[in-house]
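Here are the chains, one letter per residue:
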Amino acid sequence: MLVHVVPYGAGPYIGQSGAFTLAEAAGGDHLAFLEDQLEGRVVADPKQVSALEQAWEAVRAVALPRDQSRDLIL
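These lines cover the structure that appears in this document, whether it is placed above or below. What you see is a predicted model; the values in this text were computed from it and never measured. (Residues numbered from 1 in each chain as written. Predicted model: local features only at pLDDT ≥ 70, side-chain atom pairs only at ≥ 80, totals over all residues. Heavy atoms only, no water.)

Moving on, we get to the nonpolar core. In terms of nonpolar packing, the biggest core is built from 5 residues, these being A32, L34, V43, V49 and L52. Excluding residues that lie within four positions of it along the chain, L52 makes contacts with F20, L22, A32 and L34. (Core = buried A, V, L, I, M, F, W, Y, C linked by side-chain atoms within 4.5 Å. Buried < 20%, exposed > 50% of the residue type's maximum accessible area, 1.4 Å probe, protein only. Contact = heavy atoms within 4.5 Å.)

Structure, rendered in structure tokens:
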């Protein structure tokens, strides 16, 4: 599991629109999971998963690197 911390000073960024999880199934399919206060859902449509993968890359662009994120959490 990768965890990246976005510093408070980063300002608004796409990750604030809601949490999601990306995964790769045993068969190699890429999936996503979205959850809100009422329910969760699996996203399997390749175009939608691709859009979420792009959103993840945008979040990573403003997040601290992995080691700095880990150190901050610890």
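Scanning the model with the defined rule gives 4 salt bridges in all. One salt bridge in this structure joins R70 and D71, with 3.1 Å as the shortest N-O distance. Overall, the relative accessible area of 42% leaves R70 in the partly exposed class. For D71, a relative accessible area of 48% gives the class partly exposed. (Salt bridge = Lys/Arg side-chain N within 4 Å of Asp/Glu carboxyl O.)

Next up on the list: the layout of surface pockets. Within this model, the largest pocket holds a volume of roughly 320 Å³. Looking at the largest pocket, the residues that line it are L2, Y13, G15, G18, A19, F20, T21, L22, W56 and V59. Broken down by secondary-structure element, the contributors of at least two residues to the lining of the largest pocket are β1 (20–24) and α1 (46–62). Ranked by residue count, the leading element in the lining of the largest pocket is β1, at 3 residues. Taken together, the residues of the lining of the largest pocket break down into 7 nonpolar, 3 polar and no charged. (1 Å grid on protein atoms, 1.4 Å probe; cavity = no way out; pocket = protein on both sides within 12 Å on 5 of 7 lines; lining within 4 Å. Points joined across faces, edges and corners; volume = space filled by probe spheres on them. Helix = DSSP H or I, 4+ residues; strand = E, 2+ residues; numbered from the N terminus. Nonpolar A, V, L, I, M, F, W, Y, C, P; charged D, E, K, R; others polar.)

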